[in-house]
Amino acid sequence: MNIVVCIKQVPDTKGGVKFNPDGTLDRAAMLAIMNPDDKAGLEAALRLKDSVGAHVTVVTMGLPKADDMLREALAMGADEAVLITDRRLGGADTWATSSTIAAGLRNLDYDLVITGRQAIDGDTAQVGPQIAEHLGLPVISYAEDIKVEGNSVIVKRQYEDRYHEVKAQMPCLITALAELNEPRYMTPGGIFDAFDKEVTVWSRDDLKDLDDANIGLAGSPTKIAKASDKVRKGAGEKVALDPKESVDYIVGKLKEKHVI
Amino acid sequence: MSLEEYKGVAIFAQQVDNKLSSIAFELVGKAHELASDLGTDVTAVVLGKDIAGLAEELGEYGADKVVLIDNPELETYRTEPYAQALAAYINEYKPEIMLVGATAIGRDLGPTVSARVQTGLTADCTSLEIGDFPLQPKEGVEQKHNQLLMTRPAFGGNTIATIACPDNRPQMATVRPGVMQKLPKEAGRKAEVINFNPEIKVNNRFVDILNVVKNVATTVDIMDAKILVSGGRGIGSPENFKILDDLAEVLGGTVSCSRAVVDAGWKPKDLQVGQTGKTVRPNVYFAIGISGAIQHTAGMEESDIIIAINKDETAPIFDVADYGIVGDLNKIVPALTEALKAELAAK
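None of the values given here were measured: they were computed from a predicted structure.

1. Looking at the nonpolar core
One finds Ile174 of chain A together with Val28, Ala44, Val45 and Leu86 of chain B to be the most contacted residues of the largest nonpolar core, which totals 135 residues. Tallying contributions element by element places helix H1 (residues 22–38) of chain B first for this core, with eight residues. Other than its neighbours up to four places away in sequence, Leu86 of chain B contacts Phe12, Val45, Leu47, Leu109 and Val113 of chain B. Counting 45 residues, the second-largest nonpolar core is a separate cluster that includes Leu251, Ile306, Ile307 and Val320 of chain B.

The structure is reproduced here in structure tokens:
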């Protein structure tokens, strides 16, 4: 079985957020990690490799420095890694990103495609289902559990107040929740091997069936009108009183605001 | 694509088990406001099986038209038949704006449909308005009017971006539940009901639902509560939530919690407020023993009044609280409950 896992290098939000003058994110200026939902997706693929046997390929679209993350994936146990990188692809929204990654996947053999549910930078949860749409695959989002049975997958699909146990024919695409599993660590041997392995690098010219009208900033239907650090309503009053006075203070405010 | 052909504001009126979700009414409320700015009307689109009975309520909450797509394939949510139906609606009726709730259904349906009809989609919006794009006139760039400006948080709430979709239609957004206000119910207000029956073709993308397993029902939805008494790791133990239960009871409120409490297994996930939980905007939000990480405040900072009690005076919750009390929650909360009981008894 061939499994392709789409992973994304994301800025660690604890490192602070920086913008380019055009309002897009300045990813180069921030610390980078493997997106948590994607890492859970990779772990799910590696567990299928351990249990039923699979060839696992990780694919990312990003800056050249995403090589670091791909080698981390190799060190965890992925067999192959592909980096799609090209200036012409920069500034892409979810439509342009999914069009591009789908074109990359057309170069690969896959029975199962796994993406994370959403990345911690954009939080959109759109790229996974949109890749499935471009490739004409069944999609199961929000996977809490994944099993393979013959030519099918059986997935626990999470909703707010329930889950569905869903069966899909492969090839299909699944989006993984971080709750799916606890990703393994890299092994020392794996780290050693990962730095000897080749990471395949594709530019825009290696991607077939992809219209220039659908890539990069210009090929993105959504446009940023403005972006900024969040303006918060300022802090209100803060008091340090003894318990009795604290209670009087709260009761007073609740009365003043006509809550009681 | 001729942009002018697209008219009207449409919303996907989500139903589950043939009951309309709260987000359906919230979207109708917001759509009503956008439609009056544009001088157009609001259409609610309902997908399901045996759903004719749902039209009336949507009319009473502000929908001008209700389009029903009633088909056995739509009984329980599955991506492909729902995407076929909603894409067919868009292609036939050509709304200029299409809003979908950012629910576990909408965040799957929205991206699939937007890719299918080849337009943009902005995720998890918290504010929508009609305006110009670009916002300010720019030399050499046509400034388009009457555009949907979609505002959303990103980076776990650290940043906020306003996004437009100037060259494609419909302009699509998913909207975070609990943020938009529904309109007051107007008994007897009627929507025009349209039955639309597009063909739904079974293909390789259909999945089989083997089992539907509902979580043990929680009695209340924290998103509907007017008063929330929310506890964090600082409560110390699941047993100690009793003092919050008591405070909530005297105020007619509901107990909710932070992610740390859910992760510790003290409370179920459907009581969790925040980025990975629910967005709430009650009249009063008590944050008790909650430090106030940005992932938490993203889900509650729109509350009308925020009262925080925490022993750590540097806790970030005090940056969003209207009234912050630095002190021992174990002493303050039980005393507050008693004081409120006395106050309310005196009335």
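Here the narrative resumes, following the displayed structure.
2. Things to note about the domain arrangement of chain B
Residues and elements named next belong to chain B. Each assigned domain of chain B is listed with its residue range as follows: domain 1 (3–195) and domain 2 (222–346). On the side of domain 2, nine residues touch domain 1, which itself brings nine residues to the contact. Its residues assigned to classes, the side of domain 1 that touches domain 2 shows three nonpolar, five polar and one charged.

3. Section: the interface of chain A and chain B
The interface of chain A with chain B comprises 65 residues on the first partner and 72 residues on the second. Elements that contribute at least two residues to the side of chain A that touches chain B include exactly helix H3 (94–105), helix H4 (127–135), strand S7 (139–149), strand S9 (162–169), strand S12 (223–229), strand S13 (237–239) and helix H6 (243–256) of chain A. Note: S13 of chain A against strand S18 (residues 323–326) of chain B, three bridges, orientation parallel. If you follow Val239 of chain A over to S18 of chain B, its bridge partner there is Ile325 of chain B.

4. A short note on H3 of chain A
Look at H3 of chain A: 16 Å from first C-alpha to last across twelve residues, which is about the 16 Å you get at 1.5 Å a residue. Of all twelve residues making up H3 of chain A, twelve are buried, and the element is well covered by its neighbours.

5. So, the packing of helix H3 (residues 79–93) of chain B against helix H4 (residues 106–116) of chain B
Residue and element names in this part refer to chain B. The N-to-C vectors of H3 and H4 enclose an angle of 50 degrees; their axes lie 9 Å apart at closest approach. The orientation of H3 with respect to H4, classified from their angle, is oblique. The hand of the H3/H4 crossing is right-handed. Two secondary-structure elements touch here, H3 through Thr79, Tyr82, Ala83, Leu86 and Ala87 and H4 through Asp108, Leu109, Thr112, Val113 and Arg116. Grouping the amino acids of the contact of H3 with H4 by side-chain chemistry returns six nonpolar, two polar and two charged.

6. Things to note about the sheet that holds S12 of chain A
Pairing is antiparallel in the open sheet, where four strands are placed in the order S12(A)-S10(B)-S9(B)-S8(B). Looking at strand neighbours, the two that pair on one side only are S12 of chain A together with strand S8 (127–133) of chain B, the edges of this open sheet. Sheet twist, expressed as the average angle between the axes of neighbouring strands with direction ignored, equals 30 degrees. Most of the contacts of H1 of chain B go to S8 of chain B, to which it runs at about 20 degrees, and overall it touches S8 and strand S9 (144–154) of chain B.

7. With respect to helix H5 (residues 242–251) of chain B
Because each turn of an α-helix spans 3.6 residues, side chains separated by three or four positions in sequence point in the same direction. All names here are of chain B. For H5, the set of buried residues is Ile243, Leu244, Leu247, Ala248, Val250 and Leu251. One side of H5 holds all its buried residues, which, seen down the axis, span an arc of 165 degrees. As for H5, its buried residues are in contact with strand S14 (227–231), strand S15 (254–257), strand S16 (284–288) and helix H8 (329–346). Just downstream of H5, Gly252 is the residue with a positive phi angle, here 70 degrees.

8. Quick notes on the sheet that holds strand S5 (residues 65–70) of chain B
Residues and elements named next belong to chain B. Read across the open sheet, the seven strands follow the order S7-S11-S6-S1-S4-S5-S12; overall the sheet is parallel. This sheet does not close on itself; its edge strands, each paired only once, are strand S7 (121–125) and strand S12 (192–195). Each strand axis lies, on average, 20 degrees off the axis of its neighbour in the sheet, ignoring direction. Note: strand S1 (residues 9–12) against strand S4 (residues 42–48), four bridges, orientation parallel.

9. What about the pairing of strand S17 (residues 305–310) of chain B?
On a regular strand, each side chain points to the face opposite its neighbour's, so the side chains alternate between the two faces of the sheet. All names here are of chain B. Taken across its six residues, S17 has five buried, putting it largely inside the fold. Across five bridges, the pairing between S16 and S17 is parallel. Bridged to Tyr285 within S17 is Ile306.

10. Considering the environment of Glu237 of chain A
Locating Glu237 of chain A in the fold gives a position in strand S13. Considered as a pair, Glu237 of chain A and Thr100 of chain A are 137 residues apart in the sequence and their alpha carbons are 50 Å apart. Aside from chain neighbours lying at most four places away, what touches Glu237 of chain A is Tyr323 and Gly324 of chain B.

11. Describing the environment of Asp312 of chain B
Mapping Asp312 of chain B onto the fold places it in the loop between S17 and S18. Asp312 of chain B sits 15 residues away from Gly327 of chain B along the chain, and the two C-alpha atoms are 7.8 Å apart.

12. Thoughts on the environment of Met186 of chain A
All names here are of chain A. By secondary structure assignment, the location of Met186 is in the loop between strand S10 (172–176) and helix H5 (188–194). Residues Met186 and Ala73, 113 residues apart in the sequence, show an inter-C-alpha distance of 8.0 Å. Not counting the four nearest positions on each side in its chain, Met186 is found in contact with Glu72, Ala75, Met76 and Ile191.

13. Considerations on the packing of H5 of chain B against H8 of chain B
Describing two packed helices takes the angle between their axes plus the distance from one axis to the other. All names here are of chain B. Packing of H5 against H8 brings their axes to within 9 Å, and their N-to-C directions diverge by 20 degrees. With respect to H8, the element H5 is oriented roughly parallel. Two packed elements cross with a definite hand, and for H5 against H8 that hand is left-handed. Between H5 and H8, the contacting residues are Ile243, Leu244, Asp246, Leu247, Val250 and Leu251 on the first element and Val333, Pro334, Leu336, Thr337, Leu340, Lys341 and Leu344 on the second. In the contact of H5 with H8, the residues fall into ten nonpolar, one polar and two charged.

Quick notes on the rules
- Residues numbered from 1 in each chain as written.
- Chains lettered and ligands numbered in written order.
- Predicted model: local features only at pLDDT ≥ 70, side-chain atom pairs only at ≥ 80, totals over all residues.
- Core = buried A, V, L, I, M, F, W, Y, C linked by C-beta atoms within 7 Å.
- Buried ≥ 20, exposed ≤ 12 C-beta atoms within 10 Å, placed from the backbone.
- Helix = DSSP H or I, 4+ residues; strand = E, 2+ residues; numbered from the N terminus.
- Contact = placed C-beta atoms within 7 Å.
- Domains from an automatic or database assignment.
- Nonpolar A, V, L, I, M, F, W, Y, C, P; charged D, E, K, R; others polar.
- Pairing = 2+ DSSP bridges.
- Expected span 1.5 Å × (residues − 1).
- Axes fitted to C-alpha atoms, helices over the stretch in contact; angles between N-to-C directions.
- Parallel < 35°, antiparallel > 145°, perpendicular 65-115°, else oblique.
- Left-handed = near helix turned anticlockwise from the far one by under 90°.
- Arc of directions from axis to C-beta.

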